[in-house]
Amino acid sequence: MSTKLCVSLVVLCWMLATFHAMLHTLLMARLSFCEDNVIHHFFCDISALLKLACSDTYINDLMIFIVGGILSVIPFSLIVVSYVQIVCSILKVSSARVIHKVFSTCGSHLSVVSLFYGTLIGLYIFPSANNSNTKETAMAMMYTVVTPMLNPFIYSLRNRDMKEALINVLCKKKISLY
C-alpha cells in the first residue's frame, strides 16, 4: 500500500464520517423539543434525542434507516462473505490442525463482529417502538463498550504466554478461595 493510497483512504473515511455527523446534526436542528430535556442514556445517542422531539421525526428515522443500512449492513455482509470464502478455502485443506487453528481465530473474530454489527443493526435499522430505555442502553453498551473490551482478550489469548499467565492467575485465585 502506497502512502498516497493510505492518505486517500484516511481522508475518505474522515470526509464520510463528517458528512454522516453533519447530516444527522442538521436534521436534528430542524426539530422542536418538548420541555422534558433529560436524556435517559449514558451518551447523547440519536435515538434518545429523537424520543425527546415534539415534532415529526419521520425524515430523521428514514435517514437513520437508509444511511445506517449502508454503513452497517453492507460492511457486515462483506465481512460474512469474506469469512464464507475463507471457510470454503480452508475446508479444501486436509490438515485438521490448520482447520482447527483457522476456525478458532475466525470464530472468535466473527463472534465479536456479529455482536458489534448485530446490536447496531437491531438498534438503528430495525428499532422497535416498545424498546425500553434500559434495553436500548444495554444494546448501546454492547457496541460502544463490550466489543472494544473483547478485542484485546481475543487477540492476546491467541498468544501461548498470555494463555499461561491467565491460567496461573485464575489458578492462584482458585487456590486462595479455598
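All of these numbers come straight from a predicted model, not from anything done at the bench.

(A) Summary view of the overall build of the chain. For the chain, the count of helices and strands is six helices and zero strands. When the elements of the chain are put in sequence order from the N terminus, they spell out α-α-α-α-α-α. Relative to the globule expectation of 16 Å for 178 residues, the C-alpha radius of gyration of the chain, 22 Å, shows a markedly less compact shape. C-alpha extents for the chain along the principal axes are approximately 60 × 55 × 35 Å. Residue burial in the chain is summarised as follows: out of 178 residues, 24% are buried. For the chain, long-range pairs separated by at least 24 residues make up 60% of all intrachain contacts whose partners lie at least 6 apart in sequence. Counting every atom, the chain has about 12500 Å² of accessible surface; 71% of that belongs to carbon and sulfur. Averaging the locations of the 13 positively and 8 negatively charged side chains of the chain gives two centres separated by 23 Å.

(B) Structural view of the packing of helix 1 (residues 3-29) against helix 3 (residues 58-91). Axis separation between helix 1 and helix 3 bottoms out at 10 Å; the angle between their running directions is 170°. The orientation of helix 1 relative to helix 3 falls into the category roughly antiparallel. Contact residues: His-20, Leu-23, His-24, Leu-27 and Met-28 in helix 1; Ile-59, Asn-60, Met-63, Ile-64, Val-67 and Leu-71 in helix 3. Its residues assigned to classes, the contact of helix 1 with helix 3 comprises eight nonpolar, three polar and no charged.

(C) Quick look at helix 1. Its 27 residues place the ends of helix 1 38 Å apart at the C-alpha level, agreeing with the 39 Å of an ideal helix rising 1.5 Å per residue. The secondary structure elements touched by the buried residues of helix 1 are helix 2 (46-52) and helix 3.

(D) Geometry of the packing of aromatic side chains. On inspection of all chains with the given rule, the structure shows four aromatic pairs. Measuring from centroid to centroid gives 5.6 Å for Phe-76 and Tyr-117, while their planes differ by 40°, and the two rings are tilted. One end of the pair, Phe-76, is in helix 3; the other, Tyr-117, is in helix 4 (residues 96-125), and 41 residues separate them in sequence. Summarising the aromatic geometry, the rings of Tyr-124 and Tyr-143 are spaced 6.1 Å apart at their centres and angled 65° between planes, so their arrangement reads as edge-to-face.

(E) Broad picture of the packing of helix 3 against helix 4. Across the interface, helix 3 lies against helix 4 with an axial gap of 10 Å and an inter-helix angle of 165°. Classified by the angle their axes make, helix 3 and helix 4 are roughly antiparallel. Both helix 3 and helix 4 take part in a crossing whose hand is left-handed. Taken together, the residues of the contact of helix 3 with helix 4 break down into 22 nonpolar, five polar and no charged.

(F) Broad picture of the UniProt feature "transmembrane region" (unreviewed entry) in the chain. In the numbering adopted here, UniProt assigns the feature "transmembrane region" (unreviewed entry) to residues 58-81, 102-126 and 138-157. Annotation note: span residues 58-81, helix share 100%, strand share 0%, distance between end C-alpha atoms 33 Å. Taken end to end, residues 102-126 has its terminal C-alpha atoms 33 Å apart, with 96% of it in helix and 0% in strand.

Conventions and cut-offs
Residues numbered from 1 in each chain as written. Predicted model: local features only at pLDDT ≥ 70, side-chain atom pairs only at ≥ 80, totals over all residues. Heavy atoms only, no water. Helix = DSSP H or I, 4+ residues; strand = E, 2+ residues; numbered from the N terminus. Rg over C-alpha atoms; globule rule 2.2 N^0.38 Å. Buried < 20%, exposed > 50% of the residue type's maximum accessible area, 1.4 Å probe, protein only. Contact = heavy atoms within 4.5 Å. Areas by Shrake-Rupley, 256 points an atom, 1.4 Å probe, with all protein chains shown as cover. Lys, Arg positive; Asp, Glu negative; His and termini not counted. Charge placed at Lys NZ, Arg CZ, Asp CG, Glu CD. Axes fitted to C-alpha atoms, helices over the stretch in contact; angles between N-to-C directions. Parallel < 35°, antiparallel > 145°, perpendicular 65-115°, else oblique. Nonpolar A, V, L, I, M, F, W, Y, C, P; charged D, E, K, R; others polar. Expected span 1.5 Å × (residues − 1). Phe/Tyr/Trp six-rings, centres within 6.5 Å; stacked < 30°, edge-to-face > 60°. Left-handed = near helix turned anticlockwise from the far one by under 90°. UniProt positions renumbered as here; feature names shortened; annotations may be inferred.

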